[in-house]
Amino acid sequence: MRRIFAQTKKEFTQILRDRLALALVLVLPLLILLLLGSAISLTVTELPIVVQDFDDSTASRNFIDAFRASNALYVVSWPSNRKPEESFNGNRGRAALIIPAHFERNILRGSSAPVQFLVDGSDANTANLVAGNAIRIIRAYNAGGGADTAPVKAEIRLWYNPGLSSDKYSGPGVFVLAMSMFPPLLASLAMAKEGEKKTILQVYVSNIPAQQYLLGKIIAFTLVGIAESIPLIILLRTYFGLSFVGDPSPFLVATVLYAFCVASFGVMVGALIPSRVAAIQVVALGGFLLVFLLSGLIFPIDNIPPELRWISDFVWGKYYIYVVRDAFLQGSGWPSTWLRNVVIAFMGSIFYFLAWGTMRRMQVKA
Amino acid sequence: MTSAALETTAVSLQEPHAQSAVRVDGLWKRYGTTEAVRGISLSVSSGEIFGLIGPDGAGKTSTFQILAGVMEASAGTVVVFGKPAREARSQTGYLTQTFSLYEDLSVRENIRYIGDLRRVPREEIAERGRRYLEMFDLDRFEDRLAGRLSGGMKQKLALVCALVSEPRVLLLDEPTTGVDPVSRREFWDALSHLSADGLTILVATPYLDEAERCHRVALIHQGQIHQTGSPAELRASLGAKRLELRMPRLAEAETLLAKNASANREVVDVQRFGDRLDLLVRNPEEAEDLIARQLKSAQLGSPDFHIDEPTLENTFVARLRGLGSEVGSAGFPSRHPHTDLRGQVGIGAKSLTKQFGGFTAVKGVSVQVRYGEVYGLLGANGAGKTTTIKMLCGLLAPTAGEMELAGERGSVRSPKVRQHIGYMSQKFSLYDDLSIRENLDFFAGVYGVPEEEREEKRRWTLSFSGLEGKESQITGSLPGGWKQRVALGAAIMHEPSVLFLDEPTSGVDPLARRAFWKVINRLADLGSAILVTTHYLEEAEQCNRLGFMVAGELVAEGTPSEIKSRQRGHLLEFIVDQPQRAADLLKKHLERWRVSLFGDRLHVIRDDDVDAGIRRTTQELAGENIRVLSAREGRFSLEDVFITVVEKARQQGKVATEG
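Colleague: Report on the sheet that holds strand β25 (residues 595–598) of chain B, specifying residues and quantitative values.
Modeller: Residues and elements named next belong to chain B. Taken in spatial order, the four strands line up as β25-β26-β24-β27 in an open sheet, and their pairing is antiparallel. The open sheet is flanked by β25 and β27 (628–634), the only strands paired with a single partner. Between one strand axis and the next, the sheet turns by 25° as a mean value, whatever way the strands run. As paired strands, β25 and strand β26 (residues 601–606) are joined by four bridges and run antiparallel to one another. Within β26, the position partnered with Leu597 by the bridge is Leu602. Contacts from helix α19 (residues 579–589) reach β24 (570–576), β25 and β26 within the one sheet, and its direction differs from that of β25 by about 165°. Docked against the sheet, helix α20 (residues 610–622) engages β24, β26 and β27, running at close to 40° with respect to β24.

Colleague: Before we move on, can you summarise the pattern of salt bridges with the specific residues and values?
Modeller: Proximity of charged atoms lets side chains of opposite charge pair with each other. Residues and elements named next belong to chain B. All chains considered together, the criterion is met by 59 salt bridges over all chains. A salt bridge links Glu35 to Arg30; the nearest nitrogen and oxygen atoms lie 3.7 Å apart. Residues Arg131 and Glu127 are paired through a salt bridge, measuring 3.6 Å at the closest nitrogen-oxygen approach. Here Arg131 and its partner Glu127 are both found in helix α3 (residues 122–135), four residues apart, which amounts to about one turn of the helix. Taking relative accessible area as the criterion, Arg131 reaches 36% and is therefore assigned partly exposed. Residue classification places Glu127 among the partly exposed positions, given a relative accessible area of 37%. Sharing partners across several salt bridges, the network here consists of Arg242, Glu244, Arg246, Asp278, Asp308, Glu573, Arg601 and Arg632.

Colleague: Tell me what's going on with the sheet that holds strand β15 (residues 345–356) of chain B, and back it up with residues and numbers.
Modeller: All names here are of chain B. Strands sit in the order β16-β15-β18 across an open sheet of three strands; the sheet is antiparallel. In this open sheet, the two strands that pair with only one neighbour each are β16 (359–370) and β18 (400–405). Averaged over all pairs of adjacent strands, the angle between their axes in this sheet comes to 15°, without regard to strand direction. Taken together, the five bridges between β15 and β18 define a ladder with antiparallel strand orientation. Considered in β18, the bridge of Ile347 is made with Leu405. Packing of helix α11 (residues 385–392) onto the sheet brings it into contact with β15, β16 and β18, and relative to β15 it is tilted by some 125°.

Colleague: Report on the packing of aromatic side chains, specifying residues and quantitative values.
Modeller: All names here are of chain A. Within this structure, the stated rule accounts for 24 aromatic pairs over all chains. Measuring from centroid to centroid gives 5.9 Å for Phe175 and Phe251, while their planes differ by 40°, and the two rings are tilted. Of this pair, Phe175 sits in helix α6 (residues 166–196) while Phe251 sits in helix α9 (residues 249–272), and the two are 76 residues apart along the sequence. There is no split in this pair, since Phe175 and Phe251 are both buried. Aromatic pair Trp316 and Phe351: ring centres 5.1 Å apart, planes at 85°, arrangement edge-to-face. On the criterion of sequence distance, the pair formed by Trp316 in helix α12 (residues 316–330) and Phe351 in helix α13 (residues 334–359) is long-range, its members being 35 residues apart. Summarising the burial analysis for this pair, Trp316 and Phe351 share the class buried. Aromatic ring contacts, followed pair by pair, group Phe175, Phe244, Phe251, Tyr258, Tyr320 and Phe328 into a single cluster.

Colleague: Run through the state of the cysteines, naming residues and quoting values.
Modeller: Residues and elements named next belong to chain B. A full pass over the atoms with the stated rule returns zero disulfides over all chains. Just so you know, Cys393 is unpaired, no disulfide at all, and the nearest cysteine sulfur is the one on Cys543, 17 Å from it. A relative accessible area of 9% means that Cys393 is categorised as buried.

Colleague: Report on the packing of helix α8 (residues 250–261) of chain B against helix α9 (residues 284–297) of chain B, specifying residues and quantitative values.
Modeller: Two measures define how a pair of helices packs: the angle their axes make with one another and the distance between the axes. Residues and elements named next belong to chain B. Closest axis-to-axis distance for the α8/α9 pair is 11 Å, and the angle between their directions is 120°. Classified by the angle their axes make, α8 and α9 are oblique. Crossing of α8 over α9 shows right-handed handedness. Between α8, through Ala253, Leu256, Leu257 and Asn260, and α9, the contact on the second element is made entirely by Ile291, Gln294 and Leu295. Across the contact of α8 with α9, the residue classes tally to five nonpolar, two polar and no charged.

Colleague: Run through the interface of chain B and chain A, naming residues and quoting values.
Modeller: On the side of chain A, 27 residues touch chain B, which itself brings 37 residues to the contact. Of the roughly 2800 Å² buried between chain B and chain A on both sides combined, carbon and sulfur atoms contribute 52%. By the criterion of area lost to chain A, the three top residues of chain B are B:Val70, B:Arg89 and B:Leu117, representing 19% of everything that side buries. Across the contact surface, chain B and chain A share one salt bridge.

Colleague: Give me the lowdown on helix α16 (residues 510–525) of chain B, citing residues and values where you can.
Modeller: Residue and element names in this part refer to chain B. Between its first and last C-alpha atoms α16 spans 23 Å; for 16 residues at 1.5 Å apiece the expected length is 22 Å, and the two agree. Taking burial as the measure, the 16 residues of α16 include 12 buried ones, the bulk of the element. Listed in full, the buried residues belonging to α16 are Pro510, Leu511, Ala512, Arg513, Arg514, Ala515, Phe516, Trp517, Val519, Ile520, Leu523 and Ala524. Gly527, located one to two residues past α16, shows a positive phi value of around 110°.

Colleague: Before we move on, can you summarise unusual backbone geometry with the specific residues and values?
Modeller: Most peptide bonds adopt trans geometry, and most residues besides glycine take a negative phi value. Residues and elements named next belong to chain B. Despite not being glycine, Gln299 has its phi angle at roughly 55°, a positive value. Along the chain, Gln299 turns up in the loop between α9 and β14 (304–308). Despite not being glycine, Ala551 shows a phi value in the positive range, around 50°. Tracing the backbone shows Ala551 in the loop between β22 (545–550) and β23 (553–558).

Colleague: Now, about the nonpolar core: what can you tell me, with residues and values included?
Modeller: In this structure, A:Phe175, A:Val176, A:Tyr258, A:Trp316, A:Tyr320 and A:Met359 are the most contacted members of the largest nonpolar core, which totals 90 residues. Looking at this core, the element that brings in the most residues is α9(A), giving 11 residues. Core analysis: the next-biggest nonpolar cluster, separate from the first, contains 60 residues, B:Ala515, B:Phe516, B:Ile520 and B:Val645 among them.

Thresholds applied
Residues numbered from 1 in each chain as written. Chains lettered and ligands numbered in written order. Predicted model: local features only at pLDDT ≥ 70, side-chain atom pairs only at ≥ 80, totals over all residues. Heavy atoms only, no water. Pairing = 2+ DSSP bridges. Helix = DSSP H or I, 4+ residues; strand = E, 2+ residues; numbered from the N terminus. Axes fitted to C-alpha atoms, helices over the stretch in contact; angles between N-to-C directions. Contact = heavy atoms within 4.5 Å. Salt bridge = Lys/Arg side-chain N within 4 Å of Asp/Glu carboxyl O. Buried < 20%, exposed > 50% of the residue type's maximum accessible area, 1.4 Å probe, protein only. Phe/Tyr/Trp six-rings, centres within 6.5 Å; stacked < 30°, edge-to-face > 60°. Disulfide = S-S within 2.5 Å. Parallel < 35°, antiparallel > 145°, perpendicular 65-115°, else oblique. Left-handed = near helix turned anticlockwise from the far one by under 90°. Nonpolar A, V, L, I, M, F, W, Y, C, P; charged D, E, K, R; others polar. Buried area = accessible area lost by both parts, 1.4 Å probe. Expected span 1.5 Å × (residues − 1). Core = buried A, V, L, I, M, F, W, Y, C linked by side-chain atoms within 4.5 Å.

Rendered as structure tokens:
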């Protein structure tokens, strides 16, 4: 009995001394609960839809008000000389309501008043929900109308991903996840191992400058990332049946930049934390969890409460997932993706800079 | 045995140039509140081999890291060939205490990587790499993964990598710790050759016999340098001669003489060294008479005397004693002695074998240790000692063979048996993140030490470790040698009847090592069966019986005297004016295992009788203009025997891995 307690007491003493363990026990569960609780939401709230009113009549404005009144959707204006589906690029709109001319006339005198409802199908979940909401709104509107008015009939079309195949949505998502997790894991392990095993001492003695040392490592793991992407892309094309829509060059450039970004992230973590065990935790948390939850991979960013939404702006995966989805689903090319590529490269540089800041002295830290 | 009056004149080791290669002035290093280096100043001339001698925690590693330019000093300056250490890195080669190269790269790949890192031209990397690999006998292993090399070979590889950039200064931080005596000698032979070529070498080492092979030496203790000078100067500074005393009841003689020493102005110090006592005396002849009389009146018999110069170890131990570093010598508080078990077998093994996959680590080892006996298991790293110990104490299941432990045969791992066993391993014994007191409490709890006894055991451990009042210090912050002492205390708190000690004194200073052995001997007197491994072969002399392991087999067994007497031939001890050249020359004429350097002495084993052997050797040396300053027959030490045994095994092809 006494020996059991001896063991228990020792374990407690060790846990209390181990800051990493304490963080795991106290801080992490709260963080995860908070994030998961708020980010995981598959319901639709506040999705923007674009409205193009070619009738511009009292009836059409009434009709549009019905959508404005909805909690799930909010109306965004869009110039009528531009194609509605262009709003889908950049997620300005997730659906487009197009009211043709003669809408009022059709309501008052016709048998039915058709309107068109285009839904951005690239996010299959959201698309379903948006379409479902629209149908409900229209039905309610029709029910509220008088006996002598014609019912509004919505012709719902799915844009990008007409089959609403969730593969098209989840395939790119998983691709980004893999890229976000494994190359940085390897990079951080290699970097932390140098510190742990003290092989870094020979590096210090050789007076190699920090930037040469880091770049050598980052290049190695960038290549690993690029190499990893190739079989993944092949899988996307064969198993998931995706193919490039439009110009694939933004995607290819983004992939190289993203490989650099995550490699830098991994090297930075390994440099800051010369312990392989701890480095794994940080990469898993930062690389995997953040990207998984907050980059719009599975759970739409719009669903994250605004108070936390700003975090996703700092998640590098968010920018890459946009480019990847665009390449396979929308194909809008450089105009909408160039900024995101720049952001990815920029974040990679920040990670590199932080790593350099830690290693700059190339000396034992004491 | 002849007693020669010696004139040890300066033994020339290729006189170094006067130019200062390394200058250290007032170096301080603090880690938080701990002061590791407290104002060190030294100066090393170009082409010199300079030794920094001191135990764990003395500040050697911190000093070396600052010298290598990989750590900032808290205060003071370090200048290497005229530049601050940090800027002189391109001219510095650095060997760390633990292997700091890549185990998953091959020998060649490691060399290539370091060469590229140091910006050595490509063709030069290959050429220099090959040259140094040949010099150190590693050229056959170019494609082998570094992780698969033995400890001694890894250090040689590290040396090759450090040399590839042709540095002007070589910093070696305890390069031979834990390496077997044969490999140590080979390593130092290599260093001598490099120094002869003009390389400046700074070495930190706890082995005082290695210190004898340096041009100059500094004794460092607790962050300060206490003495600097050539080995000869340091030895002479004692102002005494060494009187070797040999007799059967040595422990008692030691106690008696140590007691009388304070009253006795003749005897400066009494030190145990293997199977003899070293007495530092001012007047050898008078001292001989005096001591002989004292021993006779105590009825301990009459001793064998031999007069010689003091060794560096004598100097260091005397210095430490003078500094008041005497280790708490309070006897171990024993409540449950096992004297009634004497004579019975405590640890028994018959034909123990262990195979890991296709590799046989231990082949048919049979050992018997009785209660009250201290058994020493010796062998090079990789010979299978640790695997054998693990099997013997039940941590590893043998592939074949029978075991008997503390009276139990079959279930050697039952809790009842484990209650009687104590185990102290060099690599681990304590939890680094617990305080000393917490560690001791934990082990006391786990071993079921009665509450009433814990306090006195704890106090004894702290006193033995010299850490009274520091029980709340975190164990991880202790230097290695200190951790060992606490670990010993933790291992014996429950007064086990069977004790396994795996290299217990590695990294411990010479004074504390002697204290360790006092405890070990005391525990044996109380009836425990003790199995020890060690690389300090003079410690092995204190064992009742020894076993030598080579490549998984037990190749020699017996008491120290038996083993030494089985040696064929005579051991001749020479002092020459060019020891390294003499050794190289003789190795060409004779079999390699017959020639070795011990500090500044040359040991040659020849089969002819003593005089003929001395004559022939002197002639051979004279042929190359090497003068013999003195020659006599020496006694075989265990280290001589060890070297012979291992070399012979290599010749017979038993050792496959070593070059």
